[in-house]
Amino acid sequence: MTAKGLLLTISAPSGTGKSTLINMLIRDHPEFGFSVSYTTRHARPGEINGKDYFFVDHEEFVSLRDSNFFAEWAQVHGNYYGTPRQKILDALDSGHSLIFDIDVQGAAQLKENLNTGVFIFIFPPSLKVLEKRLLKRGTDDPDTVRKRVHNAGQEISRSELFDFWIVNDNLLEAYNDLKSIVRAEKLRPCFSPGLPDRIMDFKHGVHGEHEV
Ligand code: ADP
Ligand code: 5GP
């Protein structure tokens, strides 16, 4: 059995707090890579090309899409977003763990195509709180905020396709829930393929820490 990487797909209505939670997870688990998506959305202040997204124009996105560059893509809130296929193939080949921050349409495509991975949906405590968070974040104009809150209902209606549900009311509680899922998933035998041999290693038993 060869070691596998954990592919973690996280979806939530925009403004729920998934970037916040993903950044906390990557800080505590630097072994996780982040799958940087391509988007036609304009960069927000502070966003870095190549780190938060690869920002491309519509023409370039369509050309990449038509050349089968994306493992999944979707139109979300009027912009195009896509996950580069190669990053997933590299992670699967090398056993690296990877986080995807993608919408429910993309998660559905990955679930169908990948045959592996853990799919987590994060709920806001309510649509009212979601609207407040988007307004407080201050990165979207009121019209965009309205559109994002409106779309949240459609996303929540597809939450059943996910393996785990977390409500991001209290941030630390939500983060603990997320960490618990990662911890439990990492206990699967495929993540420690050498464990039985190490336990059975006679030399380790004779010279190891249990010897007096
Ligand atoms: P997303 O990536 O889902 O669009 P963000 O991570 O950008 O959402 O979070 C949206 C806003 O809500 C940010 O200003 C963030 O600081 C804030 N936020 C995230 N989680 C919580 C929480 N549990 N309680 C209050 N505010 C939160
Ligand atoms: P934002 O514009 O707020 O960064 O993201 C808007 C939505 O697009 C979020 O729900 C986010 O998860 C989703 N998204 C980001 N990257 C991708 C991607 O590569 N594919 C898909 N399908 N959705 C994405």
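Up top you'll find the structure we're talking about.
Here's a quick rundown of the structure. Keep in mind that this is a model prediction, so the values were computed, not measured. (Residues numbered from 1 in each chain as written. Chains lettered and ligands numbered in written order. Predicted model: local features only at pLDDT ≥ 70, side-chain atom pairs only at ≥ 80, totals over all residues. Heavy atoms only, no water.)

Points about the site of ligand 2
No. 1: The immediate surroundings of ligand 2 are formed by 19 residues, with S37, R41, Y53, Y81 and D101 found nearest.
No. 2: Note that a nitrogen atom of ligand 2 is positioned 2.7 Å from one of the side-chain N or O atoms of E72.
No. 3: Within the side chain of D101, a nitrogen or oxygen atom sits 2.6 Å from an oxygen atom of ligand 2.
No. 4: Alone, ligand 2 offers 510 Å² of accessible surface; in the complex the protein occludes 97% of this.
No. 5: When atoms are counted within 2 Å of each cavity's grid points, the one that captures over half of ligand 2 is the largest pocket. (Near = heavy atom within 4 Å. Polar contact = N/O pair within 3.5 Å; in protein donor to acceptor, adjacent residues only side chain to side chain. Areas by Shrake-Rupley, 256 points an atom, 1.4 Å probe, with all protein chains shown as cover. 1 Å grid on protein atoms, 1.4 Å probe; cavity = no way out; pocket = protein on both sides within 12 Å on 5 of 7 lines; lining within 4 Å. Sits in = over half its atoms within 2 Å of the grid points.)

Regarding the site of ligand 1
No. 1: Contacts to ligand 1 come from 13 residues, most closely from G15, S19, T20, R137 and N168.
No. 2: With respect to ligand 1, the backbone of K18 contributes an N or O atom lying 2.9 Å from an oxygen atom.
No. 3: Take L171: an N or O atom from its main chain is 3.4 Å from a nitrogen atom of ligand 1.
No. 4: Most atoms of ligand 1, that is more than half of them, are within 2 Å of grid points of the largest pocket.
No. 5: When contributions to the shell around ligand 1 are tallied by element, the ones reaching two or more residues are helix 1 (18–28) and helix 5 (127–137).
No. 6: No other element matches the three residues that helix 1 contributes to the shell around ligand 1. (Helix = DSSP H or I, 4+ residues; strand = E, 2+ residues; numbered from the N terminus.)

Some remarks on the nonpolar core
Note that soluble globular proteins tend to have their nonpolar side chains buried in a common cluster.
No. 1: Core analysis: the largest hydrophobic core is formed by 21 residues, its most contacted members being L8, I10, I120 and L178.
No. 2: Of all the secondary-structure elements, those providing two or more residues to this core are strand 1 (7–11), helix 1, strand 8 (118–123) and helix 7 (171–185).
No. 3: With five residues, helix 7 is the single largest residue contributor to this core.
No. 4: Leave out the neighbours within four places in its chain, and L178 touches I10, L21, L25, I120 and I166. (Core = buried A, V, L, I, M, F, W, Y, C linked by side-chain atoms within 4.5 Å. Buried < 20%, exposed > 50% of the residue type's maximum accessible area, 1.4 Å probe, protein only. Contact = heavy atoms within 4.5 Å.)

Overview of the pairing of strand 5 (residues 70–76)
No. 1: With five of seven residues buried, strand 5 lies mostly within the body of the structure.
No. 2: Of the strand pairs in this sheet, strand 5 and strand 6 (residues 79–84) are connected by six bridges, and their pairing is antiparallel. Across the sheet, residue V76 finds its bridge partner in strand 6, namely N79.
No. 3: Counting the residues that bridge the hairpin from strand 5 to strand 6 gives two residues, and of these H77 lies at a positive phi of roughly 50°. (Pairing = 2+ DSSP bridges.)

Focus: the sheet that holds strand 9 (residues 164–167)
No. 1: With respect to topology, five strands assemble into an open sheet ordered 2-7-1-8-9, the strand pairing being parallel. The sheet is open, and its two edges are formed by strand 2 (32–34) and strand 9, each paired on a single side. Adjacent strand axes in the sheet meet at a mean angle of 25°, parallel and antiparallel pairs treated alike.
No. 2: When strand 1 meets strand 7 (residues 97–101), the two strands line up parallel, connected through four bridges. Looking across to strand 7, one finds that L7 is bridged to L98.
No. 3: Of the strands in this sheet, strand 1, strand 2, strand 7 and strand 8 touch helix 1, which is tilted by about 170° from strand 7.
No. 4: Strand contacts of helix 7: strand 1, strand 2, strand 8 and strand 9, with the helix running at about 160° to strand 9, the strand carrying the most contacts. (Axes fitted to C-alpha atoms, helices over the stretch in contact; angles between N-to-C directions.)

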